[in-house]
Amino acid sequence: MTKEFNPDRLDAKAFVQAGARLAGHDSLLKYERLAQEAKGLHPDLRVDWEAQGEWRADAGTEGGQMWMHLQVQATFPMVCQRCLGPVDVPLQVNRSFRFVADEATAEALDDEVEEDLLALSREFDLHELIEDELLMTLPVVPRHDECPTPVPMASSDEDFEAAEAERPNPFAALASLRVGKSDK
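Residues numbered from 1 in each chain as written. Predicted model: local features only at pLDDT ≥ 70, side-chain atom pairs only at ≥ 80, totals over all residues. Heavy atoms only, no water.

(A) Region of interest: the overall build of the protein chain. Along the protein chain, the regular secondary structure elements total 6 helices and 5 strands. In sequence order, the protein chain lays out its α and β elements as α-β-α-β-β-β-α-β-α-α-α. Within the protein chain, buried positions represent 32% of all 184 residues. A separation threshold of at least 6 residues defines the contact pool for the protein chain, and within that pool the share at least 24 residues apart is 59%. When the accessible surface of the protein chain is summed, it comes to about 12,700 Å², and 49% of that surface belongs to carbon and sulfur atoms. (Helix = DSSP H or I, 4+ residues; strand = E, 2+ residues; numbered from the N terminus. Buried < 20%, exposed > 50% of the residue type's maximum accessible area, 1.4 Å probe, protein only. Contact = heavy atoms within 4.5 Å. Areas by Shrake-Rupley, 256 points an atom, 1.4 Å probe, with all protein chains shown as cover.)

Right under this line is the structure:
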């Protein structure tokens, strides 16, 4: 008998021990926090993901280690910070996580180990982990490799500089007052 696993309430230990695999294709709209960051979100945008459990026998730990490998791909709509036009940013996550007994253990080991640690749970929310990972993957400054429209590179208009040149310098008037005082 094959056990069915629910990504919203995943029994992480059973998932890992079974070496199970879960995959899905969700609408980007399902991930509320991620959707708030999007510009021009539409229902056709999808998040493709796959999670694989792995039990690693380890002589250093009693019984072994529980791991989950996560792969996620999505295209995310943002605003190009160079041309201010829409840009679809490809997001990709390929990470492995080791499960530990609880949050306290994860926090204690966090500085000592290089791998990412997660607390073991019978109701682990895989979609929340996917959303967290995608949020961390978002670029701080999204932009096109090559903008579709020419980007103006001038910091000001020529008319502005001409108007500035015509205006008298206010300090010139002060300088003339000072010159008048030194003659006395």
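(B) Highlighting a negative patch on the surface. A cluster of acidic residues, D102, E103, E107, D110, D111 and E112, forms a negative patch on the protein surface. Here D102 is to be found in the loop between β4 (86-100) and α3 (103-109). Accessibility expressed as a relative area gives 35% for D102, which makes it partly exposed. (Patch = residues over 30% accessible without salt bridge, like charges linked within 9 Å, V, L, I, M, F, W, Y side chains within 5 Å. Salt bridge = Lys/Arg side-chain N within 4 Å of Asp/Glu carboxyl O. Lys, Arg positive; Asp, Glu negative; His and termini not counted. Charge placed at Lys NZ, Arg CZ, Asp CG, Glu CD.)

(C) Looking closely at the environment of A106. Along the chain, the position of A106 falls in helix α3. Its relative accessible area of 10% is what places A106 among the buried residues. In sequence terms A106 and L117 are 11 residues apart; their C-alpha atoms lie 5.7 Å from each other. Excluding anything up to four places from it in sequence, A106 contacts V100 and L117.

(D) Expanded view of the layout of surface pockets. Here the largest pocket is characterised by a volume of approximately 200 Å³. The wall of the largest pocket is formed by 14 residues, among which F97, L118, L129, D132 and E133 lie closest to the centre. Residue assignment for the lining of the largest pocket shows that the elements contributing at least two residues are β4, β5 (116-119) and α4 (126-137). At 5 residues, α4 tops the list of elements feeding residues into the lining of the largest pocket. Grouping the amino acids of the lining of the largest pocket by side-chain chemistry returns 6 nonpolar, no polar and 8 charged. (1 Å grid on protein atoms, 1.4 Å probe; cavity = no way out; pocket = protein on both sides within 12 Å on 5 of 7 lines; lining within 4 Å. Points joined across faces, edges and corners; volume = space filled by probe spheres on them. Nonpolar A, V, L, I, M, F, W, Y, C, P; charged D, E, K, R; others polar.)

(E) How the structure looks around the pairing of strand β3 (residues 65-79). Pairing analysis gives 10 bridges linking strand β2 (residues 46-56) to β3, with the strands arranged antiparallel. Its bridge partner being in β3, Q52 is matched across the sheet by H69. Direction of pairing for β3 relative to β4: antiparallel, over a ladder of 14 bridges. When the bridges of β4 are listed, L70 appears paired with R95. (Pairing = 2+ DSSP bridges.)

(F) Structural context of the pattern of salt bridges. As enumerated under the stated definition, the model contains 9 salt bridges in all. Here D11 makes a salt bridge to R122, at a shortest N to O gap of 3.2 Å. A residue pair is termed long-range when its members are at least 10 positions apart, and D11 in the segment before α1 (12-17) and R122 in the loop between β5 and α4 qualify at 111 residues. Ionic pairing is found between R33 and E131, a salt bridge with its closest N-O pair at 3.1 Å. Of this pair, R33 sits in helix α2 (residues 32-37) while E131 sits in helix α4; the two residues are 98 residues apart in sequence, bridging distant segments of the chain.

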